[in-house]
Amino acid sequence: MKLLIVDDSNIIRKAIQKYLAEFGLEIVGEAGDGRTALTLFRETSPDVVTMDITMPEMDGLETLSEMRKISDSPKIIIVTALKDKATALDALQKGASGFLAKPFTEAQLKEEIGRAIGRAS
Amino acid sequence: MTQKDLQIFVNGTVNYFKQLTDSGAQMDVPFLKKPGETVALDITGVIGISGVKKGIIYFTASSDMLRDVVKTILGTENPDLASIVDIAGEIANTIAGNAREAFGADFMISIPLVVEGPPKNIRIPNEVPVFVIPIRWKDHRSFLVVGIQ
């Protein structure tokens, strides 16, 4: 399965890469903003996307909506510091497959992605 | 800002470092920043707040502390400077974003701005009391500074 990582923090992108190194996902791209993420989404057709919300250029919720116009198939998991229920609900209504609040541990990330793709973490 | 509001940021900071390491961090007693006083260490991550609250939140730390945080997250011995700078913004972003759990979705946060050295250009409205939360993690000291209406 192909993974696209979207977050404006390079530390978070590196942490997600590290935590999922043995999870059987091939990283096909990284983006630090929504517009770049959309381009990579079209080019690489990922199966799984981790998506931050607060980003420059285009935020994660708008990027999620745009991705859903392209395809319903990929599992898009929101990974954000925005911990309120309204944001989580909004993300799910826009087509998110999961929601994980920062800060997160390796186990929490694997559990959320495992749940989205139907695999035990 | 009320005592209850301040506690939200203290709790967010405690939670961040608790997730990072089992030992967590210790908070010292918060204090009011004096007008004209600069509370800044080597690198500062700044978040602008708008919506139901207005002002800024910033996290400031020594580069040694931030290096240790990056080492803890990534397990790398020699993190690069870009990562050390980046984590200051990410910590500020996480603590500010987590506060939406209490303040709601109309507590709007900006993307982080990271400043190396004293943040001379950070403007906090004069009428807003600015609270400083001292944080001790391992042998390092840092500060979360909260100036919101």
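Note: the structure precedes this text.
Per-chain numbering applies: the sequence of each chain, read as written, is numbered from 1 onward. Labels follow written order: the first chain is A, the first ligand is 1, and so on. Totals for whole chains, interfaces and linings use all residues, but because this is a predicted model, local features are given only for residues with pLDDT of at least 70 and pairs of side-chain atoms are given and counted only at 80 or more. In computing side-chain values, all of the structure's heavy atoms are included and hydrogens and water are not.

(A) Main features of the overall build of chain B. Secondary structure elements are defined from DSSP: runs of H or I of at least 4 residues count as helices, runs of E of at least 2 residues count as strands, and each element is numbered from the N terminus. If you tally the helices and strands in chain B, you get 4 helices and 8 strands. Across chain B, helices and strands are ordered from the amino to the carboxyl terminus as α-β-β-β-β-α-α-α-β-β-β-β. In this setup the radius of gyration rests on C-alpha atoms only. A globule is expected at 2.2 Å times the number of residues raised to 0.38. Against the 2.2 N^0.38 benchmark of 15 Å for 149 residues, chain B shows a C-alpha radius of gyration of 14 Å, consistent with a compact globule. A principal-axis box enclosing the C-alpha atoms of chain B has dimensions of 45 × 30 × 30 Å. The buried share of chain B, reckoned over its 149 residues, is 52%. Classification of residues uses two cut-offs on accessible area relative to the type maximum, computed with a 1.4 Å probe and protein chains only: under 20% is buried, over 50% is exposed, and between them is partly exposed.

(B) Quick look at the overall build of chain A. If you tally the helices and strands in chain A, you get 5 helices and 5 strands. Counting the 121 residues in chain A, one finds 56% classified as buried. The long-range fraction of contacts in chain A, counting pairs at least 24 apart against all pairs at least 6 apart in sequence, stands at 63%. Taking the 16 positively charged and 19 negatively charged side chains of chain A as two groups, their mean positions are separated by 3 Å. Every residue pair with non-hydrogen atoms within 4.5 Å of one another is taken to be in contact. Positive: Lys, Arg. Negative: Asp, Glu. His and the chain ends are not part of the count. One atom stands in for each charge, and that atom is NZ of Lys, CZ of Arg, CG of Asp or CD of Glu.

(C) Highlighting the pattern of salt bridges. Within this document, salt bridges are pairs made up of a side-chain nitrogen of Lys or Arg and a carboxyl oxygen of Asp or Glu, the two lying within 4 Å of each other. A complete count under the given rule lists 19 salt bridges over all chains for this structure. Put simply, B:Arg67 and B:Asp64 hold a salt bridge, and the shortest N to O gap is 3.0 Å. Here B:Asp64 and B:Arg67 lie together in helix α2 (residues 63-74), a separation of 3 residues that amounts to about one turn. Judged by relative accessible area, which is 46%, B:Asp64 ranks as partly exposed. For B:Asp68, the salt bridge identified is with B:Lys71, shortest N-O distance 3.9 Å. In this pair, B:Asp68 and B:Lys71 both sit in helix α2, 3 residues apart, roughly one turn of the helix. Connected through salt bridges with shared partners, the residues A:Asp7, A:Asp52, A:Lys102 and B:Glu90 form a single ionic network.

(D) Spotlight on unusual backbone geometry. The omega angle of the peptide bond from A:Lys102 to A:Pro103 is -5°, so this bond is cis rather than trans. Examined against the element boundaries, A:Pro103 turns out to sit in the loop between β5 (98-101) and α5 (106-117). A positive phi angle, near 70°, is found at A:Glu57, a position not held by glycine. If you trace the backbone, A:Glu57 turns up in the loop between β3 (48-51) and α3 (60-70). With phi around 55°, B:Lys138 is a residue other than glycine that occupies positive phi space.

(E) The interface of chain B and chain A, seen in detail. Contacts between chain B and chain A engage 24 residues on the former and 22 residues on the latter. Two parts placed together each lose some accessible area under a 1.4 Å probe, and adding up what both lose gives the buried area. Taken over both partners, the interface formed by chain B and chain A buries close to 1900 Å², and the fraction arising from carbon and sulfur atoms is 56%. In terms of surface lost to chain A, no three residues of chain B exceed B:Gln19, B:Leu74 and B:Glu90, which account for 27% of the buried area on that side. Inspection of the region where chain B meets chain A yields 4 salt bridges. Two residues, B:Glu101 and A:Lys83, come together in a salt bridge whose shortest N-O distance is 3.7 Å. Think of a polar contact as two N or O atoms within 3.5 Å of one another; within protein, one of them needs to be a possible hydrogen donor and the other a possible acceptor, and neighboring residues in sequence only count if both atoms come from side chains. The interface formed by chain B and chain A contains 12 residue pairs in polar contact (both at pLDDT 80 or more). At the level of secondary structure, the elements contributing two or more residues to the side of chain B that touches chain A comprise α1 (3-20), α2, α3 (81-98) and α4 (100-103) of chain B. If one sorts the elements of the side of chain B that touches chain A by residue count, α3(B) sits on top with 9 residues.

(F) Region of interest: the packing of aromatic side chains. Residue and element names in this part refer to chain B. Geometry of aromatic contacts follows a simple scheme: Phe, Tyr and Trp rings, the Trp one being its six-membered ring, pair when their centres are within 6.5 Å, and the pair is stacked under 30 degrees between planes, edge-to-face over 60, tilted otherwise. Tallied over the entire structure, the rule returns 7 aromatic pairs over all chains. Centroid distance Phe 9 to Phe 107: 6.4 Å. Interplanar angle 45°. Geometry classified as tilted. Highlighted residues: Phe 9 in helix α1 and Phe 107 in strand β5 (residues 107-109), separated in sequence by 98 residues. For the pair formed by Phe 9 and Phe 107, the shared burial category is buried. Here Phe 17 and Trp 137 contribute two aromatic rings whose centre-to-centre distance is 5.9 Å and whose plane-to-plane angle is 40°, an arrangement assigned as tilted. Of the two residues, Phe 17 sits in helix α1 while Trp 137 sits in strand β7 (residues 131-137), which places them 120 residues apart along the sequence.

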